[in-house]
Amino acid sequence: MSFKKYHPLLKESLETLGIEQPNAFQKKILPIIKSGASVYGIGPKGCGKTTTLIISVIQKLKAEAFEDSPRALILVKDRQEALQLKEKFEAFTANTDLRLYCAYAAKNLETQREDIYYGVDILIATPKQLSKLYHLNSVHTGELKLFVVHDADFINRDNNHNYILRLTESTPKAQFVIFSENFNSKIAAYQDSFMFNARMVKVKS
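Okay, so let's go over this structure. (Residues numbered from 1 in each chain as written. Predicted model: local features only at pLDDT ≥ 70, side-chain atom pairs only at ≥ 80, totals over all residues. Heavy atoms only, no water.)

### Some thoughts on the nonpolar core
Move 1: Membership of the largest hydrophobic core comes to 37 residues, with the highest contact counts inside it found for Val57, Ile58, Ile74, Phe89, Ile122, Ile124 and Phe179.
Move 2: Apart from residues lying up to four places away in sequence, valine 57 is in contact with Ala72, Ile74, Phe89, Ile122 and Leu146.
Move 3: Counting residues in each nonpolar core, the second largest holds 28 residues, with Leu75, Ile116, Tyr190 and Met195 among its members. (Core = buried A, V, L, I, M, F, W, Y, C linked by side-chain atoms within 4.5 Å. Buried < 20%, exposed > 50% of the residue type's maximum accessible area, 1.4 Å probe, protein only. Contact = heavy atoms within 4.5 Å.)

Rendered as structure tokens:
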């Protein structure tokens, strides 16, 4: 496969960044995500999970802002992971009007509520902070297209597994994608709830 059928602005970004062809992992998983199926993407660091995530989100959102509610939600381990992922996204979205926002505990909750209210397309958040915002009616999930857990090995800690499980109950129409280095028992347990129809793409290198 190639990026021939992807959005023109996304293809432009890929060309600017010198990404000409998908790698082995991306060749397997990108068509599945593009089809709308939920999927586990399992592979070691460096196999292309983050780039796959970014490409998939931009393509799903048609590389353009739309109304106010988030249409892609990405859950990450902590503040550092959120900010690093946002920075990586910005390299791909510089030629679009997509709005990115990070929500994590170190930021003022009321400020986050206001910022999200004014419109966000891609929300990158920690599970606990997103749960707080959701229960304060600050995040509307009715327009959500993609619900992603990135580098999901962290869900074993700090009750993250349960935060994620409860959040998915309010997003029944979303497509779910979980990226992880390992297919551990906590991730596998989601097959009994929101990942019961999910495909699996697994690479060793």
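### Some remarks on the environment of leucine 83
Move 1: Relative to the helices and strands, leucine 83 resides in helix α4 (residues 79-93).
Move 2: Given a relative accessible area of 32%, leucine 83 falls into the partly exposed group.
Move 3: With 99 residues separating them along the chain, leucine 83 and asparagine 182 place their C-alpha atoms 23 Å apart.
Move 4: Sequence-distant contacts of leucine 83, that is, excluding residues within four places in its chain, are made with Cys102 and Tyr104. (Helix = DSSP H or I, 4+ residues; strand = E, 2+ residues; numbered from the N terminus.)

### Describing the layout of surface pockets
Move 1: As a volume, the largest pocket reaches approximately 470 Å³.
Move 2: In terms of lining residues, the largest pocket is bounded by 19 residues, among which Lys45, Thr50, Glu81, His150 and Asp151 are the most central.
Move 3: Residue assignment for the lining of the largest pocket shows that the elements contributing at least two residues are α3 (49-60) and α4.
Move 4: With 4 residues, the top contributor of residues to the lining of the largest pocket is α4.
Move 5: Considering only residue class, the lining of the largest pocket consists of 4 nonpolar, 6 polar and 9 charged.
Move 6: In this structure, the second largest pocket encloses a volume near 200 Å³.
Move 7: In terms of lining residues, the second largest pocket is bounded by Lys77, Ala105, Thr126, Pro127, Lys128, Gln129, Lys132, Phe154, Arg157, Asp158, Asn160 and Tyr163.
Move 8: If you list the elements that add at least two residues to the lining of the second largest pocket, you get α6 (127-135) and α7 (160-168). (1 Å grid on protein atoms, 1.4 Å probe; cavity = no way out; pocket = protein on both sides within 12 Å on 5 of 7 lines; lining within 4 Å. Points joined across faces, edges and corners; volume = space filled by probe spheres on them. Nonpolar A, V, L, I, M, F, W, Y, C, P; charged D, E, K, R; others polar.)

### Here we look at the packing of helix α2 (residues 24-35) against α3
Move 1: The geometry of α2 relative to α3 is characterised by a closest axis approach of 10 Å and an angle of 30 degrees between their N-to-C directions. In this view, α2 runs roughly parallel relative to α3, as classed from their interaxial angle. With respect to the hand of their crossing, α2 and α3 are arranged in right-handed fashion. Contacts from Phe25, Gln26, Ile29, Leu30, Ile33 and Lys34 of α2 reach α3 at Lys49, Thr51, Thr52, Ile55, Ser56, Gln59 and Lys60.
Move 2: Classifying every residue of the contact of α2 with α3 by side-chain character gives 5 nonpolar, 5 polar and 3 charged. (Axes fitted to C-alpha atoms, helices over the stretch in contact; angles between N-to-C directions. Parallel < 35°, antiparallel > 145°, perpendicular 65-115°, else oblique. Left-handed = near helix turned anticlockwise from the far one by under 90°.)

### Quick look at the packing of aromatic side chains
Move 1: Counting across every chain of the model gives 6 aromatic pairs.
Move 2: With a centroid separation of 4.8 Å and 55 degrees between ring planes, the pair formed by phenylalanine 176 and phenylalanine 194 is classed as tilted. Note that phenylalanine 176 is positioned in strand β6 (residues 175-180) and phenylalanine 194 in the loop between α8 (185-189) and β7 (199-202), a separation of 18 residues in sequence.
Move 3: The exposure class of phenylalanine 176 is buried, given its relative accessible area of 5%.
Move 4: Through a chain of ring-to-ring contacts, the aromatic side chains of Phe147, Phe176, Tyr190 and Phe194 assemble into a single cluster.
Move 5: Of note, lysine 34 hangs over the ring of tyrosine 6, and the distance from its end group to the ring centre comes to 4.3 Å. (Phe/Tyr/Trp six-rings, centres within 6.5 Å; stacked < 30°, edge-to-face > 60°. Lys NZ or Arg CZ within 6 Å of the ring centre and 35° of its normal.)

### So, the pairing of strand β4 (residues 122-125)
Move 1: Going residue by residue along β4, you find Ile122 and Ile124 tucked away on one face and Leu123 and Ala125 tucked away on the opposite face as well.
Move 2: Taken together, the 4 bridges between strand β2 (residues 72-75) and β4 define a ladder with parallel strand orientation. When the bridges of β4 are listed, leucine 73 appears paired with leucine 123.
Move 3: Here strand β3 (residues 100-103) runs beside β4; their pairing, made up of 4 bridges, is parallel. The partner of tyrosine 101 across the bridge, within β4, is leucine 123.
Move 4: Crossover β3 to β4 through helix α5 (residues 109-117) is right-handed. (Pairing = 2+ DSSP bridges. Right-handed = clockwise from strand over helix to strand, strands pointing away.)

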